[in-house]
Amino acid sequence: MRETFVLPELKSLLDVSGANCDKVVIVSIVGKSPCNSMGLKVKSVGRVFTTGCKNDEELTIEGCYDEENQIIYLHLHSLLDTDLLIKHYKTLVERCNNERKCDDFLVINDEIKSGFARALLLLIHVSHIVILSHPGWTFDTNYIQYFKAVDNLSQKKLNKISEALKTVDGISPEWVANGRLCTPRFIFYFERCPKGVYNLKKVEHNLEDRIYHILKKTRIITSYGRSSQSLFAIPMNEEFVFISSEQSGIDKLGDAVRGLIQDCQPGGTMQVQAPFCSQPYSERHFLKFLQVHIKQARSSKGFNDMGSSSRHQLSPPAHFELPVLKQWVESTKIIYDVIMKKGLITSLCTDTRFSEQRCLKVLPLALARYQENLPPYYAHAEHDRRLSMALALFNAQARGPVFQQYVTKLRADCQAHWENGRQQCEAASMTGNPCKLPKHATEQEHMSGFVHKAICDCGRKIGPREDPYNAKQANYLFYQQIGRECVCSKLERISFPIFQPSIKEYKAATLKETEEALSVLSDRSSELTPENERGLVRQPSTTEYLPGMLTLSSPPGLLPVYSSWSLVCLGPSSLYSHNLGLSESHHPGFLNSTNYLLPWDVTVYSKAKMNWVNKYSTRGRRGRPAGASPQFSVKVFIGVEYECSSGHRFMLAAPDKILKATPGSIVKDTGHKIAESDMPLYYPCMCRASKLAQLMRLHVVTPKAPVHCTLDPKVQPAPGAPIFVSTLDRPTKLTQSAYWVMRLPFVYVADKEHYPQNLEAKLLQGVFGVTEIE
C-alpha cells in the first residue's frame, strides 16, 4: 500500500497502521529534469509520484510512503525542472515586470535559487539518503554554490531548529542537538550515458573520482573523520554514482504508452513491486543500486562514511537514527516552518550582487556628471540634456540584472535635485520664450531675458521692448511708454472705441461657446450676425468689458478696455516724396531701397458737378459714353510695413515680393497687388538672422481730391481663427492731403486663446478704400 502527500500536509500519514512503531528510511530526490519528463527525476523511482509537475506551485515537495518496505520517498519539484519552468514562464515574466520593474530574468532567478536551496536544506534535515539527479552525464558544478550556501544557512538555523524540536515528544537528545536524523548520504544519479561507451562501470568510477576531487578541492568534504556538523556525506567504500543506460529519447510517448499497456495486462498488478514499477529488475537497475544503501541504513550502525564534509579533524562519530513515522511527521512539520520562509539567500545572488555593487559605484559618478557646472536654476530642456549625459555615462559602465532599477533611481535622484529649488519658471511669453526666473508664484512678474527692438506708433523712434507676457503689455503699455519719448503723443489721432465703465467694480464679461464651432470667417464676415456665433451672459456694456481683443465674432455691445490698434497722422502729404522715399531721419531701420510707398491709381465714380470732375480728372471727356456717370482718377500712396525683432523694417510690393527700388530711386511696382490681395502677416526678413518679420504698419498718403481714403483691416492670425478688427463700425475715414500710419497689434489674443506666429496668418484684402466726399 502506498500513501501520497505534499509537504507540509502530513496528516494522512498519522492514519497509517504502525505510525507509532514503524521505523522508516527517508529517501529524497532533488536536482533537475529535462523537458517532457513531467518534472520526474530518477524514472524508476519517480513513477511512484502520480502528480508529476501538475501542481500549480513553483516549489513543491511531493511525498509517497511505501508502507510495506517502510520507506518514505520525497520528490522536490522546482523551477530547475524544465517542464515546470516552461509552465510558469508567463507568471515569472509578469512578476519581473510588475514587482521588480525590470525585464531581466536573473532578478527572479535569485528567488528560484533561494527557494531551491531552502528546500534542499529541509530535505537534508529530514532524510537519510538524498539522490541528486542530473539530466545528462556530467556533474553540474553549479551545485557547489548551493552546497556552500546551504551549509552556511544550516549553521545559522541550527539553534532555532533544536529549540523547535524540543517540543516533539519521544525524540532523542542527539536528534534535538544535531537538528536532524543523521548526516545524510548523497547519491549522484545521471539520466543519460555517453555514446559509444562499452565499460560503463569504469565511467562511473572515473566520475566518482572526479566528483570527490571537486568536493574536496572546494572544501565541501575532507578526508578526516566524521562530524555531526557536516552538511552531507559520501560513502568511501560503496558506489555513489549511477549512470542510467536506458535508451530514452527515441520515442518517449511510445515508451509511456507501452509501459501503461504492460501494467494493465491480466496479472499485471500482481507483478507490481515497490516502488510500484512493473518492469523487472535488470543487472543495471537503479533500484538494485539504491537497495544497497537502504539496507545499510537499516543496519545497526547505519552509515559509516569517512569522507564527510567536516571542517574538524578527529571529531566523534556522527549521530544516526531511524525515526518512528509519527515522530518524523511531527519533527518535519516543525523544521519545515523554521526553514521554508520566503527570503533571498545572499550568497546565491551572485549576479545581482555584482550588478548592484557595480551600479552603486557608477551611480554617484553619473549623478556628479548631471550636477557638473550646474547654473543656480535651469529649464526642463537643460534638465533633460543633463539627464541624457548622466544616463549615457551610467549605460557605459553599469551592468547586470538590477541595471534598470538603478536607472530608475538615477532618474529620480536627478529629478529630485532639479526640483529642490533649481527649477526655472519657464512660463511662455507671448512670443513663446520661457521665463528665466526661478519657479515662482503665478502673480509674480515673469522675465524671459529677451529684449526686442521695436518701433513706436508713428515709426520715428526705435526702442527696446522687453518680451511681453500679456496682450496689454504687448499691444498697449509699450507703445504708451515709447510714445512719451517720441512725438507720437502730440500727433493727431483717430481713436478706436473702448470700454467706458460707469461703476468702479467692473469686470470681464463671461462668454460661452455655442454647440456648433465658430465658422471660418472670410473678409465678408461682417455680413454674418455675431449673435448666431456666440452666446453671452448679458450684463450692461458699461459694467462688463470684452476679455480679449475685438473680433468679428465678438458679441455686440462689448468693447475691450484698451485698443490694440493705433492710427496717427504724421502731417501733410508733402512729407512723403516718391523720388526720395521715406527719410532715414524720420523712419529709421529700413533696409536699403525698401523705404518707398507704392502709387495706387483709383477711379472714382462721382455724383458731383462736372467742374469738380474736370478739375481732378486725368482722362478728360473724350470717349465717355453718353449718360455715363462722371468719373475721375486719384493717386494714393500706400505701403505695408514689416518689422523684425532686430528692428529691421521693409515694405512688400506683392504678397510674395519685397519692394526694392532700382538704382536711381525708381520704383516700378504699383500698389494694386497689395490693395487687392491677402497679405501675409509674417514674412522672412532679409537680415542675416533669418528672422520672421511681422506686418506692423499700414501707410497711406491721401490725395487733395474730394475723396475719403478708408482703412478697414481684418487680420486672421491662423486658419480657422477669428478675424481681428480695429472697430466693428464702418471703415475708418482718413482726412485729405495727409500722411496716415496705422499700427497693427503685436500679438493677437481672443477671449480664450493666444495665436502664436503662423506662416498662414494673413491680412485679408479690402483694407484700403477710396470713397467720394458727399
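A brief look at the structure comes next. (Residues numbered from 1 in each chain as written. Predicted model: local features only at pLDDT ≥ 70, side-chain atom pairs only at ≥ 80, totals over all residues. Heavy atoms only, no water.)

Turning our eyes to something else, we now look at helix H14 (residues 403-419). Between the first and last C-alpha of H14 there are 24 Å, a value that for 17 residues agrees with the 24 Å anticipated at 1.5 Å per step. Along H14, the residues that are buried comprise Phe403, Tyr406, Val407, Leu410, Cys414, His417 and Trp418. An end-on view of H14 places all buried positions within 120 degrees of arc, on one side of the element. Check the buried side of H14 and you find it contacts helix H12 (350-371) and helix H13 (380-397). Following H14 by one or two positions, Gly421 has its phi on the positive side, about 80 degrees. (Helix = DSSP H or I, 4+ residues; strand = E, 2+ residues; numbered from the N terminus. Expected span 1.5 Å × (residues − 1). Buried < 20%, exposed > 50% of the residue type's maximum accessible area, 1.4 Å probe, protein only. Arc of directions from axis to C-beta. Contact = heavy atoms within 4.5 Å.)

Before going further, it helps to spend a moment on the side chain of His417. Mapped onto the secondary structure, His417 falls in helix H14. Owing to a relative accessible area of 17%, His417 belongs among the buried residues under this scheme. Ignoring any residue separated from it by four or fewer positions in sequence, one finds His417 in contact with Tyr370, Gln371, Leu374, Tyr378 and Arg422.

So, about the packing of aromatic side chains. To describe a pair of aromatic rings, one takes the distance between the centres and the angle between the planes. Summed over all chains, the structure comprises 30 aromatic pairs. Ring geometry for Phe242 and Phe286: centres 5.3 Å apart, planes at 65 degrees, overall edge-to-face. Separated by 44 residues along the polypeptide, Phe242 in strand E8 (residues 241-243) and Phe286 in helix H10 (residues 286-297) bring together distant segments of the chain. Comparing Phe242 with Phe286 shows no difference in burial state: the two are buried. (Phe/Tyr/Trp six-rings, centres within 6.5 Å; stacked < 30°, edge-to-face > 60°.)

Bringing the sheet that holds strand E28 (residues 732-734) into the picture now. By way of backbone hydrogen bonds, the strands of a sheet pair with one another, either parallel or antiparallel. Taken in spatial order, the three strands of this open sheet run E28-E25-E33, and their pairing is antiparallel. Because the sheet does not close on itself, it has two edges, and the strands there are E28 and strand E33 (768-772). Strand-to-strand twist in this sheet, taken as the mean axis angle between neighbours without regard to direction, amounts to 35 degrees. Note that strand E25 (residues 707-711) and E28 share three bridges and pair antiparallel. Paired with Cys709 across the bridge in E28 is Leu734. (Pairing = 2+ DSSP bridges. Axes fitted to C-alpha atoms, helices over the stretch in contact; angles between N-to-C directions.)

This part takes up the pairing of strand E6 (residues 185-190). Of all six residues making up E6, six are buried, and the element is well covered by its neighbours. The two faces of E6 match: Arg185, Ile187 and Tyr189 on one face and Phe186, Phe188 and Phe190 on the other face are all buried. For E6 and E8, the ladder comprises three bridges, and the chain directions are parallel. Looking at the pairing, Tyr189 lines up with Phe242 of E8.

Within E25, four of the five residues are buried, which leaves the element mostly enclosed by the surrounding structure. In terms of strand pairing, E25 meets E33 through five bridges, oriented antiparallel. If you follow Leu711 over to E33, its bridge partner there is Phe768.

A separate point is the layout of surface pockets. One water molecule sets the probe size; rolling that probe over the atoms shows where empty space is left. Quantified by volume, the second largest pocket comes out at close to 710 Å³. For the lining of the second largest pocket, the secondary structure elements donating two or more residues are strand E3 (60-66) and helix H5 (105-126). Taken together, the residues of the lining of the second largest pocket sort by class into 12 nonpolar, six polar and eight charged. (1 Å grid on protein atoms, 1.4 Å probe; cavity = no way out; pocket = protein on both sides within 12 Å on 5 of 7 lines; lining within 4 Å. Points joined across faces, edges and corners; volume = space filled by probe spheres on them. Nonpolar A, V, L, I, M, F, W, Y, C, P; charged D, E, K, R; others polar.)

Before going further, it helps to spend a moment on the sheet that holds strand E22 (residues 679-680). Pairing is antiparallel in the open sheet, where four strands are placed in the order E22-E32-E26-E27. The open sheet is flanked by E22 and strand E27 (724-725), the only strands paired with a single partner. Bridge analysis of E22 against strand E32 (residues 762-763) gives two bridges, and the strand direction is antiparallel. Its bridge partner lying in E32, Pro680 is registered against Lys762.

Looking now at the side chain of Gln327. Its location among the elements puts Gln327 in helix H11 (residues 325-339). We classify Gln327 as buried; its relative accessible area is 17%. Polar contacts involving the side chain of Gln327 include one to the main-chain carbonyl oxygen of Gly170, which spans 3.0 Å. When near neighbours in sequence (up to four residues on either side) are disregarded, Gln327 contacts Val168, Asp169, Gly170, Ile171 and Trp175. (Polar contact = N/O pair within 3.5 Å; in protein donor to acceptor, adjacent residues only side chain to side chain.)

Moving on, we come to the state of the cysteines. Counted according to the given criterion, the structure contains zero disulfides. In this structure Cys488 is a free cysteine whose sulfur lies 3.2 Å from that of Cys458, the closest cysteine sulfur available. (Disulfide = S-S within 2.5 Å.)

This brings us to unusual backbone geometry. Of the consecutive residues Leu7 and Pro8, the connecting peptide bond is found in the cis state with omega at 10 degrees. Relative to the helices and strands, Pro8 resides in the loop between strand E1 (2-6) and helix H1 (11-14). Phi is positive for Glu426, which is not a glycine, with a value near 65 degrees. Note on placement: Glu426 falls in the loop between H14 and strand E10 (451-455). Judged by relative accessible area, which is 29%, Glu426 ranks as partly exposed. In this structure, Ser593 is a non-glycine residue whose phi angle is positive, near 65 degrees.

Counted at 1.5 Å a residue, the expected span for H11 with its 15 residues is 21 Å, and the 21 Å between its end C-alpha atoms agrees. Within H11, 11 of the 15 residues are buried, leaving the element largely enclosed by the surrounding structure. Those residues of H11 that fall on the buried side of the exposure criterion are Leu325, Gln327, Trp328, Val329, Ser331, Thr332, Ile334, Ile335, Tyr336, Val338 and Ile339.

Here Thr702 is to be found in the loop between strand E24 (692-701) and E25. Overall, Thr702 belongs to the buried group, its relative accessible area being 3%. Between the C-alpha atom of Thr702 and that of Ile638, which follows or precedes it by 64 residues, the distance is 8.8 Å. Not counting residues up to four positions away in its chain, the partners in contact with Thr702 are Ser573, Cys709, Leu734, Thr735, Gln736, Ser737, Ala738 and Trp740. Looking at Thr702, its side chain comes within polar contact range of the main-chain oxygen of Thr735, at 2.8 Å. Here the side chain of Thr702 touches Ser737 through a polar contact of 2.9 Å, landing on its backbone nitrogen.

Here we take up the environment of Leu287. Locating Leu287 in the fold gives a position in helix H10. In this structure Leu287 comes out as buried when scored by relative accessible area, which is 1%. Between the alpha carbons of Leu287 and Val45 there is a distance of 7.3 Å; along the sequence they are 242 residues apart.

Two elements in contact, helix H6 (residues 142-165) and H11, have axes whose closest approach is 10 Å; the angle formed by their N-to-C orientations is 145 degrees. Our pair here, H6 against H11, has a crossing hand that is right-handed. Across the interface between the two elements, Lys157, Lys160, Ile161, Ala164 and Leu165 from H6 touch Ser331, Ile334, Ile335, Val338 and Ile339 from H11. Here the contact of H6 with H11 is built from residues that sort into seven nonpolar, one polar and two charged. (Left-handed = near helix turned anticlockwise from the far one by under 90°.)

Let us look at the pattern of salt bridges. Two side chains that carry opposite charge are able to pair once their charged atoms sit near each other. Going through the model one piece at a time under the given rule, you end up with 20 salt bridges. Measuring nitrogen to oxygen at the nearest pair gives 2.6 Å for the salt bridge that ties Lys32 to Asp140. Within this pair, whereas Lys32 is found in the loop between strand E2 (25-31) and helix H2 (43-46), its partner Asp140 is found in the loop between strand E5 (129-134) and H6, the two being separated by 108 residues in sequence. Residue Asp140 is classed as buried on the basis of its relative accessible area of 18%. Here the salt bridges share partners, and the residues they tie into one network are Glu641, Glu643, Arg649 and Arg697. (Salt bridge = Lys/Arg side-chain N within 4 Å of Asp/Glu carboxyl O.)

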